[in-house]
Amino acid sequence: EVPVALAVEPAQPPSGDEAALDLIVEAGGFREEVELKLRVVGEGEHRVETYLSRVDGSVHSYGLKPPKAAEPRGNYGLLISLHGFKGHPYFSELYGDKDWLFAVGPSARDGEVPYREVGCVEVLELLEWVASRYPVDRDRVYLSGHSMGGYGAWFIGVRYPHLFAAIAPLSSRGDLSEDAARLRGRRGWGGVAELLEHYNPANFAENLSATPVFVSHGSADDIVPVEASRRIVEKLRGAGVEVVYEEVEGAKHTWGSVKPGRYGLDCLDRKSIESFLAKHARRVPRRVRAVVDSDRFSKVWWVRVRPSRGTARVDVELAGGGELVIRRAENAAEVEVDLGELRRLGLGRELRVVYGAEELRVSVEGRERLALRLEGGLSLAEGVADEGLRKRVPVTGPFMDAFNRPFLIVYPEGSPACREAALHVQRWWFNWAGGRARLVTDREALAARLERGFNLVLVGGPSLNTYAREVESGIKAVRFLGPDAVAVRGVRIERESVGVALVYPNPLNPKRYVAIVGGESEEAVEAVPRIPFTLVPDYMVYDPRLLGRAWEGVLETGFFDERWE
């Protein structure tokens with residue numbers, strides 16, 4: 001089953017509660033006529049709509065419940081509510097009747113995709129899609145979620161705090177530290193542990209310093225222990241975040257029932273939650289505290305941080321008299337400020353930047369942004385020479401980021417094993433992300449220079465895949481040394497039919513990714529269906545005989561450094 005977008009507009013508005021649509025399907029000599037019976041939805045009723053993802057052109061559904069008696073020229077809040085694992089597909093249907101906001105329920109790409117990587121992209125795409133179609137006040141956008149959806153609210157909230165007036169994670173986990181610690185103790189899994197820390201909202205709690213948080217949990221939760229919320233609430237309070245914690249005595253993972261009226265399912269929609277959201281509107285703060293570990297999540301409110309190594313921590317304040325004070329800067333190579341946002345706070349024509357004992361006066365008239373270099377002393381970053389290959393947007397890693405923009409799967413002609421592995425990647429993307437992925441041959445990819453418009457996922461190493469052979473010399477951190485050996489970051493790893501999964505800037509177009517899955521043998525390629533793609537940092541080296549059956553199947557995992565070395 002492949003969802004197809006159909007733009008349909010009837011010549012006459014349907015009357016009554018039902019309508020019919022005659023659909024004729026023709027393709028490849030096939031023809032069928034179908035009469036679709038449609039239910040007409042009232043203006044204020046919950047409905048299911050669709051949008052087209054820019055990632056892969058796939059169609060996905062979402063639920064939407066509009067305000068009662070919504071006016072086309074109104075100015076309404078927007079609540080994005082994320083469903084849990086195996087839960088109701090559209091949480092928007094579980095909310096009561098509101099007069100002040102739209103409730104939107106993403107479908108996790110019509111499946112169970114966690115709300116990070118392409119799951120996070122879906123939420124951001126949907127926010128823009130709904131806000132462009134309905135009368136939404138962008139200063140009153142709220143993010144909530146339950147269980148897996150609550151984790152999504154934590155993850156997206158700490159990475160994009162400037163998009164939301166408040167967040168409300170419910171019955172969820174916001175700290176993955178224990179999971180990471182368990183993996184860190186297993187040989188070869190250290191990179192996966194580091195990846196989990198990258199996905200760990202608790203590490204970025206300070207980013208919520210200007211975004212209020214409502215946390216709720218049932219004291220008798222038998223799915224996600226209540227201690228999960230207690231711990232992260234304590235961490236938030238220690239970081240000075242405005243947080244309200246409501247623990248419901250005796251309640252389990254979910255509670256209540258959907259009923260007509262102002263409020264819906266009690267664990268999602270009750271007076272205390274709505275009252276908290278309704279009293280908050282997005283306000284640009286004068287002081288920003290930012291924790292950044294990747295260039296793709298580098299913006300926090302009006303500050304963009306470029307880490308020099310590891311995790312950067314910055315504390316910046318626009319003080320009185322046009323003075324920008326950098327109070328703290330750890331591991332930060334550059335800090336860029338959005339002057340448009342600062343003008344909303346009263347910025348004049350000149351800015352005086354203070355960083356420790358150093359000072360810089362800059363005329364900001366006519367500028368939209370100001371980039372400041374902190375390494376080696378305070379200075380303007382304009383005109384700095386190109387530093388070569390760096391982990392910068394749009395190529396930052398990890399492996400799954402290759403699937404967050406249009407991509408193609410490239411397999412070598414004449415290799416049934418590689419073609420079957422490529423078909424597996426295509427099926428995996430469809431089953432996991434509800435997405436559409438196209439297969440092309442290696443020779444076609446080279447002849448058409450497809451790296452100009454796509455990330456490329458190559459099946460098979462250089463001895464099997466012509467495209468991999470073409471780019472091999474440009475992937476400096478990895479060397480294929482035959483079917484039984486590979487060198488990663490200068491370390492030689494030997495194992496019979498050793499396999500690799502990696503992501504790297506494409507040497508033929510460094511603004512796009514090239515990913516390689518498999519190795520230099522058919523046995524390594526045949527193990528591709530057992531690669532846990534969502535757990536690959538920048539690279540994973542594996543034993544194809546054990547992968548998926550034993551911890552020892554993963555030989556080495558990790559991240560390349562800031563220069564992709």
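Above: the structure in question.
Residues numbered from 1 in each chain as written. Predicted model: local features only at pLDDT ≥ 70, side-chain atom pairs only at ≥ 80, totals over all residues. Heavy atoms only, no water.

1. Focus on helix α1 (residues 118-133)
Moving on, step 1. Taking 1.5 Å of rise per residue, the 16 residues of α1 would be expected to cover 22 Å, and the 22 Å separating its terminal C-alpha atoms lies within 8% of that figure.
Moving on, step 2. When you tally the buried positions in α1, you get twelve out of 16 residues, the bulk of the element.
Moving on, step 3. Within α1, burial applies to V118, G119, C120, V121, E122, V123, L124, E125, L126, L127, V130 and A131. (Helix = DSSP H or I, 4+ residues; strand = E, 2+ residues; numbered from the N terminus. Expected span 1.5 Å × (residues − 1). Buried < 20%, exposed > 50% of the residue type's maximum accessible area, 1.4 Å probe, protein only.)

2. Here we look at a nonpolar patch on the surface
Moving on, step 1. The grouping of V4, L6 and V8 at the surface amounts to a nonpolar patch, some 300 Å² of accessible area in total.
Moving on, step 2. Mapping V4 onto the fold places it in the segment before β1 (18-27). (Patch = residues over 30% accessible without salt bridge, like charges linked within 9 Å, V, L, I, M, F, W, Y side chains within 5 Å. Areas by Shrake-Rupley, 256 points an atom, 1.4 Å probe, with all protein chains shown as cover. Salt bridge = Lys/Arg side-chain N within 4 Å of Asp/Glu carboxyl O.)

3. Details of the environment of G250
Moving on, step 1. When you line up the elements, G250 lands in the loop between β10 (243-248) and α6 (271-278).
Moving on, step 2. Considered as a pair, G250 and G218 are 32 residues apart in the sequence and their alpha carbons are 6.4 Å apart.
Moving on, step 3. Non-local contacts of G250, meaning those with residues more than four positions away in its chain, are made with S219 and A220. (Contact = heavy atoms within 4.5 Å.)

4. Considering the pairing of strand β13 (residues 303-307)
Moving on, step 1. Burial along β13 is one-sided: the residues V303, V305 and P307 are buried and none of R304 and R306 is.
Moving on, step 2. Note that strand β12 (residues 299-300) and β13 share two bridges and pair antiparallel. Within the sheet, the bridge partner assigned to K299 lies in β13 and is R304.
Moving on, step 3. Hairpin connection of β12 to β13: two residues between the antiparallel strands, including W301 at a positive phi of 55°.
Moving on, step 4. Sheet topology places β13 next to strand β16 (residues 332-338); five bridges connect them, and they run antiparallel. Paired with P307 across the bridge in β16 is A332. (Pairing = 2+ DSSP bridges.)

5. Thoughts on the sheet that holds strand β4 (residues 59-65)
Moving on, step 1. With respect to topology, eight strands assemble into an open sheet ordered β3-β4-β6-β5-β7-β8-β9-β10, the strand pairing being mixed. Each of the sheet's edge strands pairs with one partner strand only, and the pair in question is β3 (47-52) and β10. Across the sheet, the mean angle from the axis of one strand to that of its neighbour is 20°, orientation sign disregarded.
Moving on, step 2. With respect to the sheet, α1 is in contact with β3, β4, β5 (76-82), β6 (101-106) and β7 (136-146), its orientation differing from that of β7 by roughly 140°.
Moving on, step 3. Contacts from helix α5 (residues 227-238) reach β9 (213-218) and β10 within the one sheet, and its direction differs from that of β10 by about 160°. (Axes fitted to C-alpha atoms, helices over the stretch in contact; angles between N-to-C directions.)

6. Digging into the environment of E358
Moving on, step 1. Within the secondary structure, E358 is located in strand β18 (residues 358-363).
Moving on, step 2. Each C-alpha atom of the pair E358 and R173 lies 42 Å from the other, and the pair is 185 residues apart in sequence.
Moving on, step 3. Residues within four places of E358 in sequence aside, it is in contact with V353, G377 and L378.
Moving on, step 4. Within polar-contact distance, the side chain of E358 engages the backbone nitrogen of L378 at 3.0 Å. (Polar contact = N/O pair within 3.5 Å; in protein donor to acceptor, adjacent residues only side chain to side chain.)

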